[in-house]
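Summary of the model geometry
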Amino acid sequence: MLETPHNVDVVVIGAGAAGIAASIAAKKSGVSVLLIDKNAHFGGKATHAEVGTICGVYHIGTIENPQFIVKGFAKDFTQRLFQKSKIPIQSNSKGLMFLPYKMEDFKSLCDELIAENEIAVLKATVTAVQKEGNLISAIIASNDQDTFTIVPKTVIDCSGNAIVSHLLELPLIQDDNYQAASQVVVFENVTHTSEMNLQLALIHQLKKGVLEGKIQTETIAFHLVPGSLENGRAAFKWTLPFEVGFINANDPLLKSKLLDLLTIIVQYLNDSNEHFKNLSIHRLAEQIGWRIAPRGVGKTILTEKEVLDGAKFQTAIAASSWPVEFWDIDKGLQVNYISRNDYYEIPAACLESNFISNLFFGGSTISADKGAIASARVMGVCLQTGYAAGVLSAGKINSWSLEDTLNRLRF
């Protein structure tokens, strides 16, 4: 058990893709690291909400000749995950490529990386943050056994909901429009052997149910999680027809509400189609996949225009060709692609707090407007910004110049 108070160079909050990357980057940069996470296992939404795909690591192109847009840790992570799951790269009609994975493989890779890099981990919830002037002086975290006071030199917020900025009551970037959340549901007793045929058959039958007045239109927005059809089971990412945000995402009543809707859908499928007569719900993912939360304000704010224009920066720490995705609860998925199949970069200043000099951001917590984060929240970008935050944090401690710090990054 961690004794209190505990002095450490870098505290990383959140053990999702960005937090894992940030911890490893800081440790490899020669500073001490403590990773704080409240969940039972590592991976964040990648494992708890079963996101299912790594997006934003490839250029627009073809699956016959995929080209990584990322280097360094993000590329290594993706390649190791592929070696575990061995699910082929997939793409859409626009040449947008992504890598499916199995949840257990993502979990085991995170476990391996934490062990290999000897990252100290505290399973606890951050409950308070103390500051002196413009510096964080202490992080307070609690679990069922104890309350801990950690005294860090720097802090990296990879929480996904800007917990440090919330607790310090700092200004936040907040969006005025809601993005629909999703819940992964795993069905069993699936008779189809082709993912494409299963998806099409399910869409066809449920649309028929809508026309018959037996199914509500707003309850059938979904897509099959690529690579999940196996041994008579398949996972679907179901868009929720009611509002969910990071504050209420863990409310058990929301899952109960969704389960009621899915039960109606499954019963209809059982009664109306021979291929679905034994279909049943195997399980739901642990967490609902909410997409956007308030973010910290950095020294600069990445904009949607910069993303769509393919902006480049001298202080770039990440790159992506992933489009701006809005999941509208009424209109469905709205996608805006980057001009000329280009890519955009993210400057280091988006990872540095504008108000606290030893606070950095990684993952979906970076400083970006609602359009920019609708692209930059995907996992390939989170791996890059997390790793960059770890190097920037170590640079702050070691008094490296920005040029020297950037030279140590291979995004």
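Further up the page is the structure itself.
First, a word on what this report is: a plain description of the structure on this page. (Residues numbered from 1 in each chain as written. Predicted model: local features only at pLDDT ≥ 70, side-chain atom pairs only at ≥ 80, totals over all residues. Heavy atoms only, no water.)

1. Looking at helix α3 (residues 72–85)
Rules: Each helix is a run of DSSP H or I of at least 4 residues and each strand a run of E of at least 2, with the numbering of both proceeding from the N terminus. Multiplying 1.5 Å by the helix residue count minus one yields the expected span of that helix. Burial classification: accessible surface area is computed with a 1.4 Å probe over protein chains only, and a residue below 20% of its type maximum counts as buried, one above 50% as exposed, and the rest as partly exposed. In this description, contact between two residues means that some pair of their heavy atoms is separated by no more than 4.5 Å.
Between its terminal C-alpha atoms α3 stretches 20 Å, which fits the 20 Å expected from 14 residues at 1.5 Å a residue. Where α3 is concerned, the buried positions are Gly72, Phe73, Ala74, Phe77, Thr78, Leu81 and Ser85. Of the surrounding elements, those touching the buried residues of α3 are α1 (17–28), β3 (53–55), β5 (97–100), α4 (103–116) and α10 (379–398). Positive backbone phi, at 55°, marks Lys86, one or two positions downstream of α3.

2. Remarks on the sheet that holds strand β14 (residues 280–284)
Under the convention used in this document: In short, DSSP must find at least two bridges between two strands for them to pair. Where helices are involved, their axes are fitted lines through C-alpha atoms of the stretch in contact, as for all axes, and angles between N-to-C directions lie from 0 to 180°.
Strand order in the open sheet formed by four strands is β12-β13-β11-β14, and the pairing between neighbours is antiparallel. Taken across any chain shown, the strands that pair with only one partner, and hence form the sheet edges, are β12 (222–224) and β14. Each neighbouring strand pair of the sheet contributes to a mean axis angle of 35°, computed without reference to strand direction. In this structure, strand β11 (residues 182–188) lies alongside β14, joined through four bridges in antiparallel fashion. Paired with Glu188 across the strands is Ser280, a residue of β14. Taken strand by strand, helix α6 (residues 195–211) contacts β12 and β13 (233–239), and its axis lies near 155° from that of β12. Those strands touched by helix α7 (residues 252–272) are β11, β13 and β14, and its axis lies near 160° from that of β14.

3. Digging into the environment of Leu406
One can find Leu406 in helix α11 (residues 402–407). Judged by relative accessible area, which is 17%, Leu406 ranks as buried. The sequence separation of Leu406 and Trp322 amounts to 84 residues, and the corresponding C-alpha distance is 23 Å. Discounting residues that sit within four places of it in the chain, Leu406 has contacts with Gln314, Thr315, Ala316 and Ile317.

4. A short note on the packing of aromatic side chains
Put simply, the rule reads: To pair, rings of Phe, Tyr and Trp, with the six-membered ring standing in for Trp, must have centres within 6.5 Å; the planes then decide the type, stacked if under 30 degrees apart, edge-to-face if over 60, and tilted in the middle.
Here the structure, examined in full by the defined rule, presents 10 aromatic pairs. Aromatic pair Tyr58 and Phe68: ring centres 4.9 Å apart, planes at 35°, arrangement tilted. With a gap of 10 residues between them, Tyr58 in the loop between β3 and α3 and Phe68 in the loop between β3 and α3 connect regions that are remote in the sequence. On the basis of relative accessible area, Tyr58 is assigned to the buried category, the value being 6%.

Nothing here speaks to function; it is all geometry.
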